[in-house]
Amino acid sequence: MSSMSTPGGDYTRDTGGSDFGNSDDAVSQLNSFLRGEISAAETYRMAIDAVADSEQIPSIANLEMLREIQEEHGRAAQALRERIRELGGQPSDSSGAWGAWAKFTQGTANLFGDVSALKSLKEGEEHGLKDYQEGADDVDATSCELIRNQLIPAQQRHINLLDQLINSVGTA
């Protein structure tokens, strides 16, 4: 085993490739991220249903883009579950209080139309991006790599896609 120092603190690497700092803290942070991903997938499901049921004829491409983002949140949640298990933790199985708030916010936005719903989704993505950026150093090195190489770029991509959708719906 060797010990290394990172900006987020010290960790020890074993030959199995797992990194250890305080794994309870890492699991807690990863579960927080997981609840956010579960909430995002649930919120996108609500938005997709609202857009599909709206009186405006939704663009099939727009619905497909929202479904793609929803699926990416599902895959991110699965990756986080797997990482939590690798650290010996128990993954959260619900979105918790964050999910209830997100559902309320999205439900309210859905009442005001597609642009408001899309802006609400974008705000959620921006919040998730900020959470990942602020929490990446609070986990072990392997989890940090997952966050920085996969989860943060996905959040950034979602924000860009939502900006495109907002602009296309806003000018339609």
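Owing to the predicted nature of the structure, the values given are computational and were not obtained by experimental measurement.

Asks: How would you summarise the overall build of the protein if you had to cite specific residues and measurements?
Replies: What the protein contains, in helices and strands, is five helices and three strands. The N-to-C order of helical and strand elements in the protein reads β-β-β-α-α-α-α-α. A buried classification covers 41% of the 172 residues belonging to the protein. Nonlocal contacts in the protein, meaning residues at least 24 apart in sequence, comprise 72% of its contacts between residues at least 6 apart.

Asks: Which residues make up the pattern of salt bridges, and what values do they have?
Replies: Inspection of every chain in the model, using the stated rule, returns eight salt bridges. The salt bridge partner of arginine 67 is glutamate 64, with a shortest N-O separation of 3.1 Å. With arginine 67 and glutamate 64 both in helix 2 (residues 60-86) and three residues apart, this pair spans about one turn of that helix. You can call arginine 67 partly exposed: its relative accessible area is 31%. Between aspartate 137 and arginine 148 there is a salt bridge, and its shortest N-O distance comes to 3.0 Å. Pair noted here: aspartate 137 is in the loop between helix 4 (114-135) and helix 5 (141-170) and arginine 148 is in helix 5, with a separation of 11 residues, a long-range link. Put simply, Glu68, Glu72 and Arg157 are held in one network by salt bridges that share partners.

Asks: Explain helix 2 to me, and be specific about the residues and the numbers.
Replies: In a regular helix each residue adds 1.5 Å, so 27 residues correspond to 39 Å; helix 2 covers 39 Å between its end C-alpha atoms and thus fits that length. Directly beyond the C-terminal end of helix 2, a positive phi value near 85° is found at glycine 88.

Asks: So what's going on with the nonpolar core? Which residues, and what values?
Replies: In this structure, Leu30, Leu80, Tyr132, Ile147 and Leu151 are the most contacted members of the largest nonpolar core, which totals 22 residues. Those elements that provide at least two residues to this core are helix 1 (23-53), helix 2, helix 4 and helix 5. When near neighbours in sequence (up to four residues on either side) are disregarded, leucine 80 contacts Leu30, Phe33, Leu34, Glu37, Tyr132, Leu146 and Leu151. Judged by nonpolar contacts, the second largest core, of 14 residues, contains Leu63, Ile69, Leu118 and Leu121.

Asks: Lay out the side chain of histidine 158 with the relevant residues and their values.
Replies: Relative to the assigned elements, histidine 158 resides in helix 5. Overall, histidine 158 belongs to the buried group, its relative accessible area being 1%. Residues in contact with histidine 158, not counting those within four places in the same chain, are Ile69, Glu72, His73 and Glu125.

Asks: So, the environment of isoleucine 152: which residues are in play, and what are the values?
Replies: Summarising the element assignment, isoleucine 152 is placed in helix 5. Note on isoleucine 152: relative accessible area 8%, which makes it buried. Setting aside anything within four residues of it in sequence, one finds isoleucine 152 in contact with Leu129, Tyr132, Gln133 and Ile147.

Asks: Hey, could you go over the confidence of the model for the protein for me, with residue numbers and the actual values?
Replies: Here the protein shows a mean pLDDT of 79. Residues at 70 or above account for 69%. Contacts for the low-pLDDT stretch residues 1-20, under 50 throughout, to residues beyond four places or in other chains number 31 contacts.

Asks: Give a description of the environment of glutamine 150 that names residues and reports values.
Replies: Within the secondary structure, glutamine 150 is located in helix 5. For the pair glutamine 150 and alanine 79, spaced 71 residues apart in sequence, the C-alpha to C-alpha distance is 9.7 Å.

Asks: I'd like a description of the environment of glutamate 126, backed by residues and values.
Replies: Its place among the elements puts glutamate 126 in helix 4. The exposure class of glutamate 126 is partly exposed, given its relative accessible area of 37%. Sequence separation between glutamate 126 and glutamine 156 is 30 residues; the distance between their C-alpha atoms is 8.1 Å.

The rules behind each value
- Residues numbered from 1 in each chain as written.
- Predicted model: local features only at pLDDT ≥ 70, side-chain atom pairs only at ≥ 80, totals over all residues.
- Heavy atoms only, no water.
- Helix = DSSP H or I, 4+ residues; strand = E, 2+ residues; numbered from the N terminus.
- Buried < 20%, exposed > 50% of the residue type's maximum accessible area, 1.4 Å probe, protein only.
- Contact = heavy atoms within 4.5 Å.
- Salt bridge = Lys/Arg side-chain N within 4 Å of Asp/Glu carboxyl O.
- Expected span 1.5 Å × (residues − 1).
- Core = buried A, V, L, I, M, F, W, Y, C linked by side-chain atoms within 4.5 Å.
- pLDDT = per-residue confidence, 0-100.

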